Amino acid sequence: MSTAHQIVDILLAGLIAGLVAFPMSLVAPRAATSVGVAAAAAFYFSRHPWGVDEASGREYNEQLDELYERYLPF
């Protein structure tokens, strides 16, 4: 996996955090940031698991990798 793929994953995780936290801040402002960060971490670590040989969601990750390879130059 290239550095560009990881950078895009980090940007997507930030987007997920914002999409979760901002609407939730209208309902539960104290928990919004924590829940947004948890959602972003869940996305990122499902893409890059630590200490796991067989990652669940392999098909999902392969589809994202194919999409990245189509649009990223390297």
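Residues numbered from 1 in each chain as written. Predicted model: local features only at pLDDT ≥ 70, side-chain atom pairs only at ≥ 80, totals over all residues. Heavy atoms only, no water.

**Here's the deal with the overall build of the chain**
Reasoning step 1: Broken down by element type, the chain carries three helices and zero strands.
Reasoning step 2: When the elements of the chain are put in sequence order from the N terminus, they spell out α-α-α.
Reasoning step 3: Residue burial in the chain is summarised as follows: out of 74 residues, 24% are buried.
Reasoning step 4: Sequence-distant contacts in the chain: of pairs separated by 6 or more residues, those separated by 24 or more amount to 57%.
Reasoning step 5: Of the roughly 5,400 Å² that the chain leaves accessible, carbon and sulfur atoms contribute 65%. (Helix = DSSP H or I, 4+ residues; strand = E, 2+ residues; numbered from the N terminus. Buried < 20%, exposed > 50% of the residue type's maximum accessible area, 1.4 Å probe, protein only. Contact = heavy atoms within 4.5 Å. Areas by Shrake-Rupley, 256 points an atom, 1.4 Å probe, with all protein chains shown as cover.)

**A few points about helix α2 (residues 29–47)**
Reasoning step 1: In a regular helix each residue adds 1.5 Å, so 19 residues correspond to 27 Å; α2 covers 28 Å between its end C-alpha atoms and thus fits that length.
Reasoning step 2: Listed as buried for α2 are Ala32, Gly36, Ala40, Phe43, Tyr44 and Arg47. Across the axial projection of α2, the buried residues extend over an arc of 95°, all falling on one side. With respect to the buried face of α2, the exposed residues turned more than 90 degrees away are Arg30 and Ser34. (Expected span 1.5 Å × (residues − 1). Arc of directions from axis to C-beta.)

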